[in-house]
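So the chains spell out like this:
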Number of protein chains: 2
Amino acid sequence: MGKSIWVASLIVVAFGLAINVPLPDTVYVSISFAILAGVVTWKTLPRLAMTFVNARVSGVDVLKPDRPVIPEAMGFPTAVVYLIAMFCFIPFPFIDWFDGQARLVHEDNPMIGTFPYHKLGQILSAILAIQSMVLLGFADDILDVRWRYKVWFPAVASIPLLIFYYTNFGVTYVVLPLQLRPYVGDLVDLGPFYYLYMVMLVIFCTHTINILAGINGIEAGQSLIIALSVIINDLLFMFNNPDRESLEAHLFSLYFMLPFAGVTFALLTQNWFPARVFVGDTYCYFAGITFAVVGILGHFSKTLVLFFIPQIFNFLYSCPQLFRFVDCPRHRMPRLDSETKKLRCSTVIIKPNNSIRGKLGYLFLKFLYLLGLLKVFKRGENGRILECNNLTIINLVLARFGPMSEVHTTRMIMGIQVLSSLFAFFIRYKLVQYVY
Amino acid sequence: MGKSIWVASLIVVAFGLAINVPLPDTVYVSISFAILAGVVTWKTLPRLAMTFVNARVSGVDVLKPDRPVIPEAMGFPTAVVYLIAMFCFIPFPFIDWFDGQARLVHEDNPMIGTFPYHKLGQILSAILAIQSMVLLGFADDILDVRWRYKVWFPAVASIPLLIFYYTNFGVTYVVLPLQLRPYVGDLVDLGPFYYLYMVMLVIFCTHTINILAGINGIEAGQSLIIALSVIINDLLFMFNNPDRESLEAHLFSLYFMLPFAGVTFALLTQNWFPARVFVGDTYCYFAGITFAVVGILGHFSKTLVLFFIPQIFNFLYSCPQLFRFVDCPRHRMPRLDSETKKLRCSTVIIKPNNSIRGKLGYLFLKFLYLLGLLKVFKRGENGRILECNNLTIINLVLARFGPMSEVHTTRMIMGIQVLSSLFAFFIRYKLVQYVY
């Protein structure tokens, strides 16, 4: 188990204590749920391992010399524990509206007319969206759905969220950057395009975690760091925030992120090198939609995107292969050097291709090479690139700094993720004043 | 495809038109969704068949001479289509609260303060409960969970429902029968036991459909008949009903039952003898929880239970085997007579067992025999029962009226279900006046 993860968690806890904010009681309840859900996940996963292997929901860990078969889709029980925890958590934010007998009082309670049903609806629709994605993710793990179909899964799962947004806020305007305001005004109403933006955000968050995958601990690891970043950001808003609306939005985010961090941490202990379980597409989808949900309903989607810098980079870097401008092998994960037991980046052979698509693809590669973001392994006549690393951040790291052991690679990517989060905070709290 | 099903459906449509009630517009929207969801399911299932078989989510139809392998768990895509339809339906009951631009108007709309967020929450929590059960049902189909665990699945899935009930109604009293009122009063507050009652109802509805299973078309067939019964009952309440509360409760039920009937009908066309797909535990759970949800949130759980008479009988009849008072083979489905291609009831060998449990079991069997509800195949000394039919309604029907073809058996059980529904209506609308 990566000590760095423990250290990071401790830092967050210490940070939480240090800021010394009198947090609302519900946050402590949520922290308790997070710990409980984490412990239950941690206890449950090893027990379910054989059930999954027997049901052939398993995979081969090809980056180990002995290629062990380990259970797949363990993000599924993780997500189920999370969902149960969230179900049970639902009444707590509304505890003030119940009397001593823990029942909604009907006449003599002055708060009765004010019961925030829209808040309840918000929590329900958020859980519904997350659960939809877990359902589709598990189906994907079992049925191995093609990319052309599954790329739309998050759009389906986001329907309850959008419907709730539509019935509840209906706010579709965005605040413009200072530089644009003289020309367009302070606000611009995006109308239906705002819903398109939300769908794109959900699709993006869900799939980018699934793309940055392939070595032990990387899916759960990056998700944990993003979750902790969101939690820190939320806690910053607890501090001397006079705006009740924004306070509640970040409370909402905390309620979802704390238990998520709890179960993710438990999953990570099993998935960390050498992995005893795989997390599966289920987990990646579950993590992605959970982030998207809190970003959208917590009204901090732009800040959220900042925490996805490595994922955005990985996505953009992958584009030439994802959209087939450059050949894309079935798997782009690194390969194991059987002698040194270290990972090397996997490579792709660039076949001469005179179509427009092929020429554009080659242009991309040359551009990446000029930026120092490509390692060339073989050149042909005129220095033409014939073989280079596959276009993922993992391969790039291995091309630059490898060969490395698998655990070392994961740690390095985690380090990049942490640095990106720090940079994101810098942008959000320092640079932002020049724009908004 | 069973013509009787078509006829039954037509009767319902004719009935709907005949009662000539000016139904609310949303009911017509719901009917449109039902038809659309049915068509999508009908188109989708055959396309997914190979995907499921390739992913080894398949089973052998052992009651056919050639024992074909056909896709299992097709209730999963059926339920997903249903859920998507329900997601998209969510805004319609609230359409009055939106302005021409289809957005919640913020100040000048007099209805704004009255937006029924609790109704929205009700729909969301109902969908959440149904979706939870689909998730667990699919997991059960894939992982083959043991009974001792899966018996509690519906309890888990009902959490969102109970939580919503708790935050919203909190009504835990029941009206007592006339005969008891002089002694106990008109109402009795069950308190926490009411929640226990709801959990039991969900567990009961969910598993009883799963127990009355094993031949082509029976799971979807019985569910369709129950759904149509609920729909007819709801329509009766649309008629000259001065009580706004009860009208809304039955509208709520219609919104969920109409699309359910639509997708179930589509599934049944594929699952009817000779089945091209199996429905899986996913479907049985999905159907059961959908009934339980509308029964609970529509406040007609007692009427609902009346529509489950064959299931209740089957459950009670199965109890000696389910609770191991009598030996219970792994499968209790009928067996195929390879010569006549007809079904015969399967049997169980009664081993001499002198434990209290064994003696009680034998007493049960003798009691059933006296009632004419047991066919004895082999007797030992002193007329002791050595072999009898397995204790399910399907085997009982086959023991009494068999051997029969599979499709004939399904039709007969469907006939029993229809007669039971008629009897239920008789109890609900005639006999009830002597009790309430």
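The model shown is predicted, which means the values in this text are computed figures rather than measured ones.

Student: How do you make sense of the overall build of chain A when you look at a structure like this?
Tutor: In terms of regular secondary structure, chain A is built from 17 helices and nine strands. At 23 Å, chain A has a C-alpha radius of gyration in line with the 22 Å of a compact globule built from 436 residues. In terms of overall dimensions, chain A has C-alpha extents of about 85 × 60 × 40 Å along its principal axes. Counting all 436 residues of chain A, 55% fall into the buried class. A sequence separation of at least 24 residues applies to 72% of the contacts in chain A between residues at least 6 apart.

Student: Even after reading the chapter, I still don't get the sheet that holds strand β8 (residues 376-379) of chain A, so can you show me in this structure?
Tutor: Strand-to-strand pairing in sheets goes through backbone hydrogen bonds, with the strands running parallel or antiparallel. All names here are of chain A. Taken in spatial order, the three strands of this open sheet run β7-β9-β8, and their pairing is antiparallel. Where the open sheet ends on each side, the last strands, each with one partner, are β7 (347-349) and β8. Direction aside, neighbouring strands of the sheet carry axes that sit 20 degrees apart on average. Pairing analysis gives three bridges linking β8 to strand β9 (residues 385-389), with the strands arranged antiparallel. Residue Arg379 lies in a different strand from β9, and its bridge partner there is Ile385.

Student: When you look at the confidence of the model for chain A in this model, what are you seeing that I'm missing?
Tutor: Low-pLDDT stretches of the model should not have their predicted coordinates read in fine detail. All names here are of chain A. Summary statistics for chain A give a mean pLDDT of 88 and a share of 91% for residues scoring 70 or more. Note on residues 100-111: pLDDT under 50 across the span, and 19 contacts to partners over four residues away in sequence or across chains. ipTM for the predicted complex: 0.89, alongside a pTM of 0.91.

Student: What is the right way to read the relation of the copies chain A and chain B from this model?
Tutor: Between the two copies of this chain, the relationship is a rotation about some axis together with a displacement along it. Overlaying chain A with chain B gives an RMSD of 0.0 Å, the required rotation being 180 degrees about an axis along which the chain moves by 0.0 Å. The superposition of one copy onto the other is thereby described by a two-fold rotation axis.

Student: Help me understand the interface of chain A and chain B in this model?
Tutor: Interface size, as often reported, equals the accessible area lost upon joining of the parts. Between chain A and chain B, the residue contacts involve 48 residues of the former and 47 residues of the latter. Here chain A packs against chain B, burying approximately 4,200 Å² in sum over the two surfaces, 76% of which is carbon and sulfur. Here chain A and chain B share zero salt bridges between them. Between the two partners, chain A and chain B, sit two residue pairs in polar contact (both at pLDDT 80 or more). Looking at the side of chain A that touches chain B, the elements that each hand over two or more residues are α2 (25-54), α3 (75-89), α4 (117-143) and α7 (159-168) of chain A. The biggest single contributor to the side of chain A that touches chain B is α4(A), with 17 residues. Class assignment for the residues of the side of chain A that touches chain B results in 34 nonpolar, eleven polar and three charged.

Student: What is the right way to look at the domain arrangement of chain A in this model?
Tutor: Residues and elements named next belong to chain A. Domain assignment breaks chain A into domain 1 (2-301) and domain 2 (308-436). A separation of 28 Å is found between the C-alpha centroids of domain 1 and domain 2. Counting from both sides, the interface comprises 35 residues of domain 1 and, opposite them, 33 residues of domain 2. Here domain 1 and domain 2 share an interface that buries about 2,900 Å² over both sides, 73% of which is from carbon and sulfur atoms. Where domain 1 touches domain 2, the interface holds one salt bridge. As a salt-bridge pair, Lys64 and Glu406 come within 2.7 Å of each other at their nearest N and O atoms. Connecting domain 1 to domain 2 are seven residue pairs in polar contact (both at pLDDT 80 or more). Contributions of two or more residues to the side of domain 1 that touches domain 2 are made by α9 (192-211) and α10 (218-238). Counting residues per element, the side of domain 1 that touches domain 2 draws most heavily on α10, which supplies ten residues. Counted by class, the side of domain 1 that touches domain 2 contains 23 nonpolar, ten polar and two charged residues.

Student: Explanation requested: helix α12 (residues 280-297) of chain B in the structure shown.
Tutor: Counting along an α-helix, one turn takes 3.6 residues, and residues three or four places apart therefore face a common direction. Residues and elements named next belong to chain B. The end-to-end C-alpha separation of α12 is 26 Å, in line with the 26 Å expected for 18 residues at 1.5 Å each. In terms of burial, α12 is largely enclosed, as 18 of its 18 residues are buried. Phi turns positive, to about 55 degrees, at His299, one or two residues after α12.

Student: Could you clarify how one ought to interpret unusual backbone geometry in this entry?
Tutor: Outside of glycine, negative phi angles account for most residues, and trans bonds account for most peptide bonds. A cis amide bond links Phe273(A) to the next residue, Pro274(A), at an omega of -10 degrees. Along the chain, Pro274(A) turns up in the loop between α11 (244-271) and α12 (280-297). The backbone of Asp144(A) sits at a positive phi, close to 55 degrees, despite the residue not being glycine. On the secondary structure map, Asp144(A) appears in the loop between α4 and α5 (147-150). On the accessibility criterion, Asp144(A) (54% relative accessible area) is exposed. Within the chain, Arg56(B) stands out as a residue other than glycine whose phi angle is a positive 60 degrees. As for its placement among the helices and strands, Arg56(B) is situated in the loop between α2 (25-54) and β1 (58-60).

Student: So what exactly am I meant to see when it comes to helix α9 (residues 192-211) of chain B here?
Tutor: With 20 residues, α9(B) extends 28 Å from end C-alpha to end C-alpha; this agrees with the ideal 28 Å at 1.5 Å per step. With respect to burial, α9(B) is a largely interior element, 14 of its 20 residues being buried.

Student: What is the right way to read the packing of aromatic side chains from this model?
Tutor: Think of a pair of aromatic rings as described by two things: how far the centres are apart, and how the planes are tilted against each other in angle. Scanning the entire structure with this criterion turns up 45 aromatic pairs over all chains. Plain terms: the ring middles of Phe89(A) and Phe92(A) are 6.1 Å apart, the flat faces sit at 25 degrees to each other, and that makes the pair stacked. Phe89(A) gets classed as buried once you look at its relative accessible area, which sits at 2%. The exposure class of Phe92(A) is partly exposed, given its relative accessible area of 29%. Taken together, Tyr82(A), Phe204(A), Phe260(A), Tyr283(A), Phe286(A), Phe291(A) and Phe308(A) form an aromatic cluster joined through their ring pairs. Positioned over the ring face of Tyr362(A) is Arg384(A), at 4.2 Å from the centre of the ring. In this structure, Arg379(B) is placed above the aromatic ring of Tyr369(B), and the distance from its NZ or CZ to the ring centre is 4.9 Å.

Student: In this structure, what is going on with the sheet that holds strand β8 (residues 376-379) of chain B? I would like to understand it.
Tutor: Residues and elements named next belong to chain B. Spatial strand order, β7-β9-β8: three strands in an open sheet with antiparallel pairing. The open sheet has two edge strands, β7 (347-349) and β8, and neither has a second partner. Neighbour-to-neighbour, the strand axes of this sheet turn through a mean angle of 20 degrees, independent of strand direction. Bridge count between β7 and strand β9 (residues 385-389): three bridges; the pairing is antiparallel. Within β9, the position partnered with Ile349 by the bridge is Glu387.

Student: What should I look at first to understand the side chain of Glu387(B) in this one?
Tutor: All names here are of chain B. With respect to the helices and strands, Glu387 occurs in strand β9. Buried and unpaired, Glu387 has Lys378 as its nearest opposite-charge partner, separated by 4.6 Å. Aside from chain neighbours lying at most four places away, what touches Glu387 is Thr347, Val348, Ile349, Ile350, Lys375, Val376, Phe377 and Lys378.

Rules and cut-offs
Residue numbers run consecutively from 1 along every chain, following the written order of its sequence. Chains and ligands are labelled by the order in which they are written, letters from A for the one and numbers from 1 for the other. It should be noted that, the model being predicted, local features are given only for residues of pLDDT at least 70 and side-chain atom pairs only at 80 or more, the latter also being counted only at that level, while totals for whole chains, interfaces and linings use all residues. To obtain the side-chain values, all non-hydrogen atoms of the structure were included, while hydrogens and water were left out. Strands here are runs of E lasting at least two residues and helices are runs of H or I lasting at least four, both read from the DSSP assignment and numbered beginning at the N terminus. Note on method: radius of gyration uses C-alpha positions; expected globular size equals 2.2 Å times residues raised to 0.38. Each residue is placed in one exposure class: buried if its accessible area under a 1.4 Å probe, protein chains only, is under 20% of its type's maximum, exposed if it is over 50%, and partly exposed if it falls in between. Between two residues, a contact is recorded if the distance between any of their heavy atoms is within 4.5 Å. Two strands pair if DSSP finds at least two bridges between them. A fitted line through C-alpha atoms represents every axis, and for helices the fit uses only the stretch in contact; the resulting angles, taken between N-to-C directions, go from 0 to 180 degrees. Confidence of the predictor at the level of single residues is captured by pLDDT, which takes values from 0 to 100. Least squares is the method used to superpose the copies, on C-alpha atoms of residues holding a pLDDT of at least 70 in both. The term buried area refers to how much accessible surface (probe radius 1.4 Å) is lost by two components on association, counted for both of them together. What makes a salt bridge here is a side-chain nitrogen of Lys or Arg within 4 Å of a carboxyl oxygen of Asp or Glu, nothing more. Side-chain atoms alone can form a polar contact between residues adjacent in sequence; in general such a contact is a pair of N or O atoms within 3.5 Å, and within protein one must be able to donate a hydrogen while the other accepts it. Residue type decides the class: Asp, Glu, Lys and Arg count as charged, Ala, Val, Leu, Ile, Met, Phe, Trp, Tyr, Cys and Pro as nonpolar, and the leftover types, Gly among them, as polar. Where each domain starts and ends follows an automatic or database-derived domain assignment. Multiplying 1.5 Å by the residue count of a helix minus one yields the expected span of that helix. The pairing test for Phe, Tyr and Trp rings, Trp by its six-membered ring, is centres within 6.5 Å, and the orientation test on the planes gives stacked under 30 degrees, edge-to-face over 60, and tilted for anything in between. Each ring is checked for a lysine NZ or an arginine CZ that lies within 6 Å of its centre and within 35 degrees of its normal; such an atom marks a charge sitting over the ring. In summary, the charge assignment counts Lys and Arg as positive and Asp and Glu as negative, without counting His or the chain termini.

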